[in-house]
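# Examining the three-dimensional arrangement
Single-letter residue listing:
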Amino acid sequence: MAIELYATAGSVEKDLRNHVVIVVDVLRATSVMVTAVEHGVRFIIPVSEVEEAVDMARQLGNQRVLLCGERQAKPIPEFHLSNSPLEYTPEMVADRVMVMTTTNGTRAILRAKDARVLLLGSFLNASAVAHVARENGENIAIVCAGTNGKFSLDDILCSGAIISRLLELDGNQYLDDLARTALTLYDSYKDDLRAALAGSAHVERLRSLGMEDDIRFCLQEDVMDAVPCYVDGVIRDSYA
Ligand code: MLT
């Protein structure tokens, strides 16, 4: 098995059609989607632009649609939910349809949509996503969303957690250099993930917006079994 890691969605130049791809935007888009799927959402439609989301919700008509997402981490006026995982309770999302747009995360998912299998990863479902990825193939690419086109430390740390779970399932794997770096980072900080991220750009931005509770929530490891999977424009649980 081979594991490659890409620091941003824009840095993927190769054809990923033969790969199992795991997209990671741990703060906060993929953590939100894992939470929503864990809490029973029917499906999620990821779109790039705010206007597209509004049009899509209109087309879906009466299907109990929730408009969800953020721009530069802030809520979008008139949307039902922001990008805080704490809002995605079972009471709020069970049996609902979400149309979601975020600054980086949904765009990264759409860029990777030609992957043979496309899964969403986070700390919340690190072991579960590793397990489903392993069941689905030998060549695994983890694609970090990054933040505004730049490397984001939180995504790399989370990728290291997922790589450590993949190695527990099969220790005999080729890791590219960035995958090795992410694993070393995770192994060095796994007892104190917050220390690894202290001072990092996206964490500081979320802190400045008063989103400390979201950070704390997104850094919980292996507390969910949901593994969102993108197929034909729609995200659902892999086991659905
Ligand atoms: C994104 O998709 O850019 C993010 O998840 C940003 C955020 O933390 O809201």
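Note: the structure precedes this text.
Figured I'd write up the structure that's included with this text. Note that the structure is predicted; figures quoted are calculated from it, not measured.

### So, the pairing of strand 2 (residues 20–24)
Of all five residues in strand 2, five are buried; the element is thus mostly enclosed. Burial along strand 2 is two-sided: the residues Val20, Ile22 and Val24 and Val21 and Val23 are all buried. Judged from the five bridges that link them, strand 2 and strand 7 (residues 117–121) form a sheet pairing that is parallel. The residue of strand 7 that forms the bridge with Val21 is Leu118.

### Let's talk about the site of the ligand
In the vicinity of the ligand lie 13 residues, with Arg28, Asn83, Thr102, Asn104 and Gly105 positioned nearest. In this structure, His202 approaches the ligand through a side-chain N or O atom, which is 3.1 Å from an oxygen atom. Protein burial of the ligand: of its 270 Å² of free accessible surface, 98% is covered by the chains. Here the ligand is seated within the largest pocket.

### Points about the layout of surface pockets
Looking at the largest pocket, its volume works out to about 290 Å³. Lining the largest pocket are 24 residues, and of these Asn104, Thr147, Asn148, Ser152 and His202 sit closest to its centre. At the level of elements, helix 6 (153–169) and helix 9 (201–208) are the ones that each hand at least two residues to the lining of the largest pocket. Counting residues per element, the lining of the largest pocket draws most heavily on helix 9, which supplies four residues.

### Thoughts on helix 2 (residues 50–60)
Buried within helix 2 we find Val50, Ala53, Ala57 and Leu60. All buried residues of helix 2 lie within an arc of 85° about the axis, which places them on one face of the element. Set apart from the buried face of helix 2 by more than 90 degrees, the exposed residues are Glu51, Arg58 and Gln59. Residues of helix 2 that are buried sit in contact with strand 3 (43–46), strand 4 (65–71) and strand 6 (97–101).

### Some remarks on the environment of Asn148
Tracing the backbone through its elements, the reader meets Asn148 in the loop between strand 8 (139–144) and helix 6. Under the relative-accessibility criterion, Asn148 is labelled partly exposed at 47%. Asn148 sits 71 residues away from Pro77 along the chain, and the two C-alpha atoms are 21 Å apart. For Asn148, the residues in contact, after removing those within four places along its chain, are Gln72, Thr103 and Asn104.

### Observations regarding the pairing of strand 8
The element strand 8 is extensively covered by neighbouring structure, given that five of its six residues are classed as buried. Pairing between strand 1 (residues 2–6) and strand 8: five bridges, direction parallel. When the bridges of strand 8 are listed, Leu5 appears paired with Ile142. Bridge analysis of strand 2 against strand 8 gives five bridges, and the strand direction is parallel. Directly across from Ile22, in strand 8, lies its bridge partner Ile142.

### Structural notes on the packing of helix 5 (residues 126–136) against helix 6
In contact at an axis separation of 8 Å, helix 5 and helix 6 are set at 55° when each is read in the N-to-C sense. Regarding the angle of helix 5 to helix 6, the classification is oblique. Crossing handedness for the pair helix 5 and helix 6: right-handed. Mapping the contact onto sequence places Ala126, Ser127, Val129, Ala130, His131, Ala133 and Arg134 in helix 5 and Ile162, Arg165, Leu166 and Leu169 in helix 6. Among the residues forming the contact of helix 5 with helix 6, the class breakdown is seven nonpolar, two polar and two charged.

Here is what the cut-offs are and how they apply
- Residues numbered from 1 in each chain as written.
- Predicted model: local features only at pLDDT ≥ 70, side-chain atom pairs only at ≥ 80, totals over all residues.
- Heavy atoms only, no water.
- Buried < 20%, exposed > 50% of the residue type's maximum accessible area, 1.4 Å probe, protein only.
- Helix = DSSP H or I, 4+ residues; strand = E, 2+ residues; numbered from the N terminus.
- Pairing = 2+ DSSP bridges.
- Near = heavy atom within 4 Å.
- Polar contact = N/O pair within 3.5 Å; in protein donor to acceptor, adjacent residues only side chain to side chain.
- Areas by Shrake-Rupley, 256 points an atom, 1.4 Å probe, with all protein chains shown as cover.
- 1 Å grid on protein atoms, 1.4 Å probe; cavity = no way out; pocket = protein on both sides within 12 Å on 5 of 7 lines; lining within 4 Å.
- Sits in = over half its atoms within 2 Å of the grid points.
- Points joined across faces, edges and corners; volume = space filled by probe spheres on them.
- Arc of directions from axis to C-beta.
- Contact = heavy atoms within 4.5 Å.
- Axes fitted to C-alpha atoms, helices over the stretch in contact; angles between N-to-C directions.
- Parallel < 35°, antiparallel > 145°, perpendicular 65-115°, else oblique.
- Left-handed = near helix turned anticlockwise from the far one by under 90°.
- Nonpolar A, V, L, I, M, F, W, Y, C, P; charged D, E, K, R; others polar.

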